[in-house]
Amino acid sequence: GLEEITNLMRVIETLLQDLHAVIKDPNRYLVDRIYGLEEEINQIEFAARNEFVSRLKARVPMGSMSMALYVDILSDFERIGDYAENIANRIQDMVL
């Protein structure tokens, strides 16, 4: 749980830095990096959800609030990746 969230935070931080940079100076390299980071976010999120389901099946003790927050955080991080990809697509279409 915590490891996946920490990994997602690291990737999101890099993604946001690249997004800021590509907005200031559009270039293909950064657009491609954003696409790669978004894919990495998707993979981490998918693995984290599978691990979460495994913990539920194994009846690992978790509070209901913790479970809800964990799923929300995963969804929110994945959505940030989607938004960044949409912005990269627009930059690619308009500028590159």
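Given the structure is predicted, the values throughout are model-derived calculations rather than measurements.

### Some details on the overall build of the chain
Helix and strand counts for the chain come out as 3 helices and 0 strands. Helices and strands in the chain line up, N terminus first, as α-α-α. Taken against the 2.2 N^0.38 rule, which gives 12 Å for 96 residues, the C-alpha radius of gyration of the chain at 16 Å runs more than 25% over that of a compact globule. The principal-axis extent of the C-alpha atoms belonging to the chain is close to 50 × 15 × 15 Å. Among the 96 residues that make up the chain, the fraction classed as buried is 29%. Counting only contacts in the chain whose residues sit at least 6 apart along the sequence, the fraction spanning at least 24 positions is 74%. Here the chain displays about 6,200 Å² of accessible surface, and carbon together with sulfur accounts for 57% of that area. When the 10 positive and 17 negative side-chain charges of the chain are each reduced to one mean point, those points stand 3 Å apart.

### Things to note about helix α3 (residues 64-94)
The terminal C-alpha atoms of α3, which comprises 31 residues, lie 45 Å apart, in line with the 45 Å expected from a rise of 1.5 Å per residue. Looking at the buried positions of α3, the neighbouring elements they touch are α1 (2-24) and α2 (28-57).

### What to know about the nonpolar core
Counting 21 residues, the largest nonpolar core has L8, L15, V22, I34, I41, Y70 and L74 as the members making the most contacts within it. Broken down by secondary-structure element, the contributors of at least two residues to this core are α1, α2 and α3. Sort the elements by how many residues they give to this core and α2 lands first, with 8 residues. Setting aside residues no more than four positions away along its own chain, L15 makes contact with I34, L37, I41, I80, G81 and A84.

Rules of the game
- Residues numbered from 1 in each chain as written.
- Predicted model: local features only at pLDDT ≥ 70, side-chain atom pairs only at ≥ 80, totals over all residues.
- Heavy atoms only, no water.
- Helix = DSSP H or I, 4+ residues; strand = E, 2+ residues; numbered from the N terminus.
- Rg over C-alpha atoms; globule rule 2.2 N^0.38 Å.
- Buried < 20%, exposed > 50% of the residue type's maximum accessible area, 1.4 Å probe, protein only.
- Contact = heavy atoms within 4.5 Å.
- Areas by Shrake-Rupley, 256 points an atom, 1.4 Å probe, with all protein chains shown as cover.
- Lys, Arg positive; Asp, Glu negative; His and termini not counted.
- Charge placed at Lys NZ, Arg CZ, Asp CG, Glu CD.
- Expected span 1.5 Å × (residues − 1).
- Core = buried A, V, L, I, M, F, W, Y, C linked by side-chain atoms within 4.5 Å.

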